[in-house]
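# Structural overview for review
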Number of protein chains: 4
Amino acid sequence: MCGIFGVYGHKDAAALTQLGLYSLQHRGQESAGIVAVDDIGHARVSRAMGLVSEGFADDEMAVLQGPIAIGHTRYSTAGSSAIENAQPVLARVRRSHIALAHNGNLTNAVELRRALEDDGAIFSSTMDSEVIVHRIARATGDTPEAKVAEALQGVEGAYCLLVVLDETVIVARDPHGWRPLVMGRLADSIVFASETCALDIVGAVVEREIQPGEIVAVDSHGIRSLRALESAPLNRCVFEHVYFARPDSKVFGGSVDRSRRALGRQLARECPAIGAEVVFAVPDSSNSAALGFAEESGIPYELALIRNHYVGRTFIQPTQSGRNAKVKVKYNPVREIIEGKKVVMVDDSIVRGTTTRGLVSLVRAAGAKEVHMRVSSAPIISPCYYGIDTPRREELIAAQMTHEELVRHLGVDSLGYLSIDGMLSAMPEGPSGYCHACFSGRYPTATPADPELLRAGSAAGVPVGVA
Amino acid sequence: MCGIFGVYGHKDAAALTQLGLYSLQHRGQESAGIVAVDDIGHARVSRAMGLVSEGFADDEMAVLQGPIAIGHTRYSTAGSSAIENAQPVLARVRRSHIALAHNGNLTNAVELRRALEDDGAIFSSTMDSEVIVHRIARATGDTPEAKVAEALQGVEGAYCLLVVLDETVIVARDPHGWRPLVMGRLADSIVFASETCALDIVGAVVEREIQPGEIVAVDSHGIRSLRALESAPLNRCVFEHVYFARPDSKVFGGSVDRSRRALGRQLARECPAIGAEVVFAVPDSSNSAALGFAEESGIPYELALIRNHYVGRTFIQPTQSGRNAKVKVKYNPVREIIEGKKVVMVDDSIVRGTTTRGLVSLVRAAGAKEVHMRVSSAPIISPCYYGIDTPRREELIAAQMTHEELVRHLGVDSLGYLSIDGMLSAMPEGPSGYCHACFSGRYPTATPADPELLRAGSAAGVPVGVA
Amino acid sequence: MCGIFGVYGHKDAAALTQLGLYSLQHRGQESAGIVAVDDIGHARVSRAMGLVSEGFADDEMAVLQGPIAIGHTRYSTAGSSAIENAQPVLARVRRSHIALAHNGNLTNAVELRRALEDDGAIFSSTMDSEVIVHRIARATGDTPEAKVAEALQGVEGAYCLLVVLDETVIVARDPHGWRPLVMGRLADSIVFASETCALDIVGAVVEREIQPGEIVAVDSHGIRSLRALESAPLNRCVFEHVYFARPDSKVFGGSVDRSRRALGRQLARECPAIGAEVVFAVPDSSNSAALGFAEESGIPYELALIRNHYVGRTFIQPTQSGRNAKVKVKYNPVREIIEGKKVVMVDDSIVRGTTTRGLVSLVRAAGAKEVHMRVSSAPIISPCYYGIDTPRREELIAAQMTHEELVRHLGVDSLGYLSIDGMLSAMPEGPSGYCHACFSGRYPTATPADPELLRAGSAAGVPVGVA
Amino acid sequence: MCGIFGVYGHKDAAALTQLGLYSLQHRGQESAGIVAVDDIGHARVSRAMGLVSEGFADDEMAVLQGPIAIGHTRYSTAGSSAIENAQPVLARVRRSHIALAHNGNLTNAVELRRALEDDGAIFSSTMDSEVIVHRIARATGDTPEAKVAEALQGVEGAYCLLVVLDETVIVARDPHGWRPLVMGRLADSIVFASETCALDIVGAVVEREIQPGEIVAVDSHGIRSLRALESAPLNRCVFEHVYFARPDSKVFGGSVDRSRRALGRQLARECPAIGAEVVFAVPDSSNSAALGFAEESGIPYELALIRNHYVGRTFIQPTQSGRNAKVKVKYNPVREIIEGKKVVMVDDSIVRGTTTRGLVSLVRAAGAKEVHMRVSSAPIISPCYYGIDTPRREELIAAQMTHEELVRHLGVDSLGYLSIDGMLSAMPEGPSGYCHACFSGRYPTATPADPELLRAGSAAGVPVGVA
């Protein structure tokens, strides 16, 4: 998953972009980057592995001059974790440059890359996104937006794009609308972001969503909207609301906090925990859902798990062994709340089950009499090909066990998931127009011919690594 | 403020200490350090500015061998921020070493340092804690604990100490008991920590608090307790429960989460917010109190402010000006919760008022109809000389303004603080035996002759800086 | 200028390449890089700004596995100083990779790049060398060497290339033979290097020079030589012998130390310094020439200037002003040798004259009675377009002043340059077949249409910078 | 060995000191440091492991304000290699500071340290030098120079000291005069340095040597000289002229280059190499001696070994094994000079013999018919206790083998050392007043009771390491 942010027409475009990326850090912590274009059309790039707060030294920010900037935070879905795969991509071409930041995952990237390579293209990364850069470079359209539209013909899968061509910013959202993209205004400047929370941090006012299938161009000639992409059924990602987006964002037109509250309430209706004395969240992504569960069920909401925010991403447990080691570093239960109680622990989703199992064990060790696990989404049984880094089916615990096995495996007294219909009913504007492939296994498009190759991000039979 | 952690008798002492320091990171983020003593009595130290997760590279940890280790996280109260002031201190003396980690603040450090310097002592830091190291080096007692007891005669103020003398670990807590210190067991090992949450992370079982005025020594001859310090009235820091400690810790014998819940309930009784529709916390330290307020008042609890945990400590706002800039990077309101509502915002304390003012402004911009500020402690009107880094009185907003001025300054519709008595009534084991000097101005001991000199941490008229 | 080194068929190919680059560090100190290809055809790259000793951490070297490696040290002649312009280039293409290291400078790079861009190519650097990578990617030849030969049709200027295509190493030297390139053997492995000193360091035996216009391919099918490039007159760079190469190398079939000795002797014959008492070198590149001058003239050779090898490349004179400041940090005269004497100072060349002027002033301050400057090459009056980073004509002091002006400007009592014919007579195998464009202004090929654009390394009217 | 440099009364004192340390880098490459004292008496320190060029970032230099500065480059002789052992030492004491930089080695440091520790002193390093700081702190004299004189009573061994006490700079040289120390002037400022080359680099004029047993103080009251140390026979280190000092320095009143030339001439007289055709140096420290040998013998001087100055100090040979591996990275012979010749290789000294053996092997591999080794000093048979880091006797090859064994071991056709008398005869001002203990085994003072303990630099039975 990734976060993208762009500014057109502000003298501090790169600094605003850095701020915006702070707000989108939850969408990707592997690398971060900014491309800025100055008043005379020079493009400069700064990219680094790690967090936004680690990546941009003052002297680097000072170099990123100019009124145009786009930025990217990345968690790899396609292409290995390496600095060459950090975005935005910046390519030099025909007296100018193409800069691109991409959120999503192209399902036919392997085929598109092979075709380009057969035509002499050389690639400097293993990312699917670089395919689009090459296609833009070869496009012959008259306007920047026409070039992007031309480049996107035949490109399948999920994408929200920020492109800079010369001194025009072009944004595009795929016709299925998997990923969110919003436009805002800050005085005379135009701002684009994956989520509204990034507009808030820079003080921009939300203007509207970029529509599925829409291309918008902004430059000195103004703002132009183009509908040149083939139309497709709406397939917005339900997991953005369930887990991925920030609760203070509006996504696909609705408040994430409100949809999570609704998911929690629906969960309490579908899977009540009769006789339970306490309900608590696995912080922080499940806080809203747990509060909704408490509200609907009448069971008191407590802050029974404390999360340590100082643990670095790369923390490696130095000495302890056993299944709870990693979980213990990150979470600690409040014994006084839990001891002797029948408790409901709410989480938004279960992927591999490792963390859940560790948490259940911690909660039992803190004296819980019964542990009732409630999950504010349906069981995840299929990998995502549209931009979320879910593992292979073999690693998805709910795809590998029956309900009873899972109850035993997790060590809970009961386990309740939301139904797919219940989950969709909590979405803003109702249950239709959402992709739920990871929950239902019903993919709205053809899936990649070779998912592993797509995952490697390499359009080549011979893998090509980079130190 | 600082966090301290120590292990006696575990083959992975330094690794456990690193884990423990992760749990005590909230007590100090300026620097971190570990001293380990190996099987043949070699002491080694690793110290670095910044977080625990930044400070200890794998190769450094590999060097910190041996069954004894003590560690420290620091936020400077006395002595400037510099690597020479990172702890633990490690001194070489008489064929051996003295290692020391200190949480607290000595009120007569300036005088003690002058006396030592007049006697030829030279100092390698500007910390008050170094005074104790010199006094231990000059002590003539027969046992390690007798030396520490001798060194502490005449030392005034707040201290919890972890000392390693040769292969003995000695801990001491001042007779007033300002700061917390607990002892636990992990199999055959003894573990000491500022808070119980640090025992939890290493899997140690809490054994008991170190008593005010108690010295405990652990070595190959066993565990010995000594009561050699002059007795004094009990003055445990109420602010540990109000704000400082982690909610999953037991401090001074009581659960921090439970006392904060009680503070919130008491706040709702003392300062109800009649007609308010929503109550929310300034996350995360006020979550418990806000939940208590909601519980007592019946006003629904909401997650209306989202905190960005990715913002680095050193973040400098690059472009925005205005009073909300810094606050905006860290907090974002959920408009859907707040808009058109009369809201109660609960925080644990107000120091300079800058953050509160910014938050109020953010909340108003998100559409709140009325903003009622509730604070789960009394107004802070006096500096702390016992280990908490409160600013000078001139910077304490509640010491500078009347209630009405403060309401206007913060921009709230109403402002309610807890009374001192109400605050103390929420403490575990009742209201007595607590220091509330920062709230009441009633200092339980003589205050420093020259607070600024103490703050500088330099026992010298001529300041001595270090690059 | 640049140095290149490659290994085919040795299990420690990357480590040998690192060693070889140490020996070629004098050919480029701006950046260094290595590409290695492992047993199953994975290519990995490590590149860094700065010296070889700074660039490759142990863990990076550990990743560079496999029996094939090529390396590069760079001093920019085309393309700005930036990590994206470090070599070797590694491109992913058609299920494989192209790696390339280039020493030289293409005179029609701007035109070639425009043609490629018009055909949809995108560039990730501003280096002229990237043009060749694109041309190789588009080549349709049956064999790796045929592809390289095809790619080089129409490419003008100076190049020695090391290319890895899949698991074949291909080397090429332009038909004019401007830059040196040798092949050696180390047991069963084949080694290529800019200079023989790099074969010595890895213990390889010199086999032969790569011939001008020759392409050699090495892979599991053996070694193949191809003569597919259009023939051209021989134009080996005389400046390699005068200054650039290391004295312990054989270049163009002759010992650099021996040719410099001959240059010094010829200089003594053409420009004797009658009555001088001492001759000394500007260390270290002029040592041989000064010794030759002493030998021929009978004036005693002395070590009168001591060079400080610890001064970093990025040293910025912090306080001193005046013309000698920078020179003083690097050189110090031995007063006891110079005082009261008529001295001859020998240098290999004068470019801008700044260093010479500073040295003359230092030598005078050390008490020299007369300073006679002798230069073991002809006056540099024209820029080089074939790979040496000489400045614009306006900065070449000998192109801007008459001999008399120069004598005054440098502050010498006399100034003697070698004649072009004298200089060429000292070359191994006699005076013919050398390029002396920088001394004579007679360029053996068409010069670039727009030298500044070539220098910028950007085939674009709009400059494209990179932070 | 170490280099020291100090400035009194210059607005750019720290910057000049950095420059001076560049010139003294050959005296110590392990760590470097500067203490500066500003106009209002604040002392600041910057110290780092590694070279001067690596150690001082611009922002650190900017902090080192003020008219007083002292600096140090270190190669450890006593005390392990660690940042805590970098100098200058800066101690805070009695409203002020003591800064100290020391070149030399105290022979009774262990005893002095024990006495101080028994009196309650605690040490923050394992360096012998810290003993002097403690003694200065305890001195009661009326003036800064009286305090230093008092502190030095009973201190035995070799020392040149730069001390800053408040705003006075005090320098001292031990009565035996082992190490050099000179005073110079730069306009109104006073400059001190280990060697005159460091005065040259800052443009200071040499004023005079600091005399053995002399203490000089400089402050706002002027310059004062004190002769308060017990007198002792003159024992200047002959090895400074043989190897250690830079050839462009005057040391002990004489030019190092001139004495090395005299050593080379004397060597040719004592150990001629009849029939040899070529003489060359092991660069760079033996260049002068080899030139002297050539001059006296009439055998032509050649530059037959080329040294690679780019090899980092920490270079670890990655792949090659065998005895020549390390030598090959640093030196390469010029085959054209050596092949088929009877050669004389001149080096200044042989310590362990490893490098010599490797060089002989390289020279033979380059085709030498005969290799005659000539050494411009006597055999090293005893360790130095006065500041040079010679290894234990067991590692001194000349102490372990007969001449015949050594000839065989090194692989030479003949081996000639200078006699001790011949060596001393080449010293400036004649042969008397020099320490030659490492050559003769005749120590001019009592040797340390426990040399290993002194070497460890720890005055303690229990070693105390530092990560």
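What you see is a predicted model, and the numbers here were worked out from it, not measured in a lab.

### Some remarks on the overall build of chain A
For chain A, the count of helices and strands is 18 helices and 24 strands. Considering only contacts within chain A whose residues lie at least 6 apart along the sequence, 71% involve residues at least 24 apart.

### Details of the packing of helix 9 (residues 256–270) of chain C against helix 10 (residues 287–297) of chain C
Packed helices, taken two at a time, are described by the angle between their axes plus the distance between the axes. Residue and element names in this part refer to chain C. One way to put it is that helix 9 packs onto helix 10 with a least axis distance of 7 Å and a crossing angle of 45°. Relative to helix 10, helix 9 is oriented oblique. Considering only the axes of helix 9 and helix 10, their crossing is right-handed. Across from Asp 257, Arg 260, Arg 261, Ala 262, Leu 263, Gly 264, Arg 265, Leu 267, Ala 268 and Arg 269 in helix 9, the residues of helix 10 making contact are Ser 288, Ala 289, Ala 290, Leu 291, Gly 292, Phe 293, Glu 295, Glu 296 and Ser 297. Of the residues that constitute the contact of helix 9 with helix 10, the class distribution is 8 nonpolar, 4 polar and 7 charged.

### Things to note about the relation of the copies chain A and chain B
Least-squares fitting of chain A to chain B yields an RMSD of 0.0 Å, with the transformation described by 0.0 Å of translation along the axis and a rotation of 180°. Both chain copies can therefore be described as sitting about a two-fold axis. Using C-alpha coordinates, one finds that chain A approaches the rotation axis most closely at A:His309, a distance of 3.5 Å. Looking at the interface residues of chain A, 100% of them are also at the interface in chain B, so both copies use one shared face.

### Observations concerning the UniProt feature "binding site: [4Fe-4S] cluster" (unreviewed entry) in chain A
Residue and element names in this part refer to chain A. Residues given the UniProt feature "binding site: [4Fe-4S] cluster" (unreviewed entry) here are Cys 237, Cys 384, Cys 435 and Cys 438. For the residues just named, distributed over 202 residues, the greatest C-alpha separation is only 10.0 Å, placing them together at one site. Classification of Cys 384 by C-beta neighbours within 10 Å gives buried; the count is 21. Residue contacts for Cys 384: discarding those within four places in its chain leaves Thr 390, Ala 437 and Cys 438. With respect to the helices and strands, the residue Cys 438 is situated in helix 17 (residues 437–440).

### A word on the interface of chain C and chain D
Listed by partner, the interface residues are 44 residues for chain C and 44 residues for chain D. Broken down by secondary-structure element, the contributors of at least two residues to the side of chain C that touches chain D are helix 1 (13–23), helix 2 (52–55), helix 7 (196–202), helix 9, helix 10, helix 11 (325–330), strand 20 (331–333) and helix 12 (335–338) of chain C. Considering every element that reaches the side of chain C that touches chain D, the biggest residue donor is helix 1 of chain C, with 6 residues. Taken together, the residues that form the side of chain C that touches chain D break down as 22 nonpolar, 14 polar and 8 charged.

### Brief notes about helix 9 of chain C
Residues and elements named next belong to chain C. For helix 9, built from 15 residues, the straight-helix expectation of 21 Å at 1.5 Å per residue is met to within 8% by its first-to-last C-alpha distance of 21 Å. In terms of burial, helix 9 is largely enclosed, as 12 of its 15 residues are buried. What helix 9 keeps buried is the set Val 256, Asp 257, Ser 259, Arg 260, Arg 261, Ala 262, Leu 263, Gly 264, Arg 265, Gln 266, Leu 267 and Ala 268.

### Details of the environment of D:Ala149
Along the chain, D:Ala149 falls in helix 6 (residues 144–152). With 20 C-beta atoms counted inside 10 Å, the residue D:Ala149 sits in the buried group.

### A few points about the interface of chain A and chain B
When the parts of a complex come together, some accessible area is lost, and that lost area is often taken as the interface size. Counting from both sides, the interface comprises 44 residues of chain A and, opposite them, 44 residues of chain B. Put simply, the parts of the chain that give the side of chain A that touches chain B at least two residues each are helix 1 (13–23), helix 2 (52–55), helix 7 (196–202), helix 9 (256–270), helix 10 (287–297), helix 11 (325–330), strand 20 (331–333) and helix 12 (335–338) of chain A. Among the elements that take part in the side of chain A that touches chain B, helix 1 of chain A stands out by supplying 6 residues, more than any other.

### As for the pairing of strand 5 (residues 89–93) of chain D
Note on strand geometry: in a regular strand, side chains alternate between the two faces of the sheet. Residues and elements named next belong to chain D. Along strand 5, 5 of the 5 residues are buried, which leaves the element largely enclosed by surrounding structure. Every second residue of strand 5 is oriented toward a common face, with Val 89, Ala 91 and Val 93 on one face and Leu 90 and Arg 92 on the other, all of them buried. By the bridge criterion, 5 bridges tie strand 5 to strand 6 (residues 96–106) in an arrangement that is antiparallel. Directly across from Val 89, in strand 6, lies its bridge partner Leu 100.

### Describing the pairing of strand 10 (residues 189–193) of chain C
All names here are of chain C. Of all the 5 residues making up strand 10, 5 are buried; the element is thus mostly covered by neighbouring parts of the structure. Because side chains alternate across strand 10, one face comprises the buried residues Ser 189, Val 191 and Ala 193, and the other comprises Ile 190 and Phe 192, equally buried. Bridging between strand 1 (residues 2–8) and strand 10 involves 4 bridges; their strand directions are antiparallel. Opposite Phe 5, over in strand 10, you have Ala 193 as the bridge partner. Note that strand 9 (residues 182–186) and strand 10 share 5 bridges and pair antiparallel.

### Things to note about helix 4 (residues 109–118) of chain D
Listed as buried for helix 4 of chain D are D:Ala109, D:Val110, D:Arg113, D:Leu116 and D:Glu117. Each buried residue of helix 4 of chain D sits inside an arc of 130° when the element is viewed along its axis, so together they form one side.

### A short note on the domain arrangement of chain A
All names here are of chain A. Taken domain by domain, chain A comprises domain 1 (2–232) and domain 2 (255–308 + 323–439). Computed from C-alpha coordinates alone, the two centres of domain 1 and domain 2 are separated by 34 Å. Taken residue by residue, the interface counts 10 residues in domain 1 and 5 residues in domain 2. Those elements that place two or more of their residues in the side of domain 1 that touches domain 2 are strand 6 (96–106) and strand 7 (157–165). Looking at which element gives the most residues to the side of domain 1 that touches domain 2, the answer is strand 6, with 3 residues.

### Comments concerning the confidence of the model for chain A
Regions with low pLDDT carry predicted coordinates that are not meant to be interpreted in detail. Looking at chain A, pLDDT values average 91 and 93% of them are 70 or higher. Predicted confidence for residues 458–467 of chain A stays below pLDDT 50, and this span has 36 contacts to residues more than four positions away or in other chains.

### Concerning the packing of helix 5 (residues 129–138) of chain B against helix 6 (residues 144–152) of chain B
All names here are of chain B. Packing of helix 5 against helix 6 brings their axes to within 8 Å, and their N-to-C directions diverge by 125°. Relative to helix 6, the element helix 5 is oriented oblique. For the element pair helix 5 and helix 6, the recorded crossing hand is right-handed. For the pair helix 5 and helix 6, the contacting residues are Ile 132, Arg 135 and Ile 136 in the first and Lys 147, Val 148 and Ala 151 in the second.

### Some points on the relation of the copies chain C and chain D
Superposing chain C onto chain D requires a rotation of 180° together with a translation of 0.0 Å along the rotation axis, leaving an RMSD of 0.0 Å. Most of the interface of chain C is mirrored in chain D, where 100% of its interface residues are also at the interface.

### Describing the environment of B:Val164
All names here are of chain B. Relative to the helices and strands, Val 164 resides in strand 7 (residues 157–165). Exposure remark for Val 164: the 27 C-beta atoms within 10 Å place this residue in the buried category. The spatial distance from the C-alpha of Val 164 to the C-alpha of Asp 219 is 10.0 Å, given a sequence separation of 55 residues. Excluding anything up to four places from it in sequence, Val 164 contacts Val 35, Val 37, Ile 68, Ile 70, Ala 99 and Val 169.

### As for the sheet that holds strand 1 (residues 2–8) of chain B
All names here are of chain B. The antiparallel open sheet is built from 7 strands, whose spatial order is 3-2-4-1-10-9-11. The sheet terminates laterally at strand 3 (43–49) and strand 11 (205–209), the two strands that pair on one side only. Between one strand axis and the next, the sheet turns by 15° as a mean value, whatever way the strands run. Of the strands in this sheet, strand 1, strand 2 (31–37), strand 4 (68–74) and strand 10 (189–193) touch helix 1 (residues 13–23), which is tilted by about 25° from strand 4.

### A word on the arrangement of the chains
When C-alpha atoms are compared, chain B and chain C, though not in contact, are closest at a spacing of 13 Å. Considering only C-alpha positions, the minimal separation of the non-contacting chain A and chain D is 13 Å.

### A word on the sheet that holds strand 2 (residues 31–37) of chain C
Residue and element names in this part refer to chain C. Strand order in the open sheet formed by 7 strands is 3-2-4-1-10-9-11, and the pairing between neighbours is antiparallel. Here the strands that pair on one side only, and so sit at the sheet edges, are strand 3 (43–49) and strand 11 (205–209). The average undirected angle you get between the axes of adjacent strands in this sheet is 15°. The strands that helix 1 touches are strand 1, strand 2, strand 4 (68–74) and strand 10; relative to strand 4, the one it contacts most, it runs at about 25°.

### Observations regarding unusual backbone geometry
Working note: non-glycine residues mostly have negative phi, and peptide bonds are mostly trans. Residue and element names in this part refer to chain B. Of note, the amide linkage connecting Pro 283 to Asp 284 takes the cis form, showing an omega dihedral of -5°. Among the secondary structure elements, Asp 284 is positioned in the loop between strand 17 (278–281) and helix 10 (287–297). The phi angle at Glu 429 is positive, at roughly 60°, despite the residue not being glycine. Of note, Glu 429 is situated in the loop between helix 16 (420–425) and strand 24 (434–435).

About the criteria used
- Residues numbered from 1 in each chain as written.
- Chains lettered and ligands numbered in written order.
- Predicted model: local features only at pLDDT ≥ 70, side-chain atom pairs only at ≥ 80, totals over all residues.
- Helix = DSSP H or I, 4+ residues; strand = E, 2+ residues; numbered from the N terminus.
- Contact = placed C-beta atoms within 7 Å.
- Axes fitted to C-alpha atoms, helices over the stretch in contact; angles between N-to-C directions.
- Parallel < 35°, antiparallel > 145°, perpendicular 65-115°, else oblique.
- Left-handed = near helix turned anticlockwise from the far one by under 90°.
- Nonpolar A, V, L, I, M, F, W, Y, C, P; charged D, E, K, R; others polar.
- Least-squares fit on C-alpha atoms with pLDDT ≥ 70 in both.
- UniProt positions renumbered as here; feature names shortened; annotations may be inferred.
- Buried ≥ 20, exposed ≤ 12 C-beta atoms within 10 Å, placed from the backbone.
- Expected span 1.5 Å × (residues − 1).
- Pairing = 2+ DSSP bridges.
- Arc of directions from axis to C-beta.
- Domains from an automatic or database assignment.
- pLDDT = per-residue confidence, 0-100.

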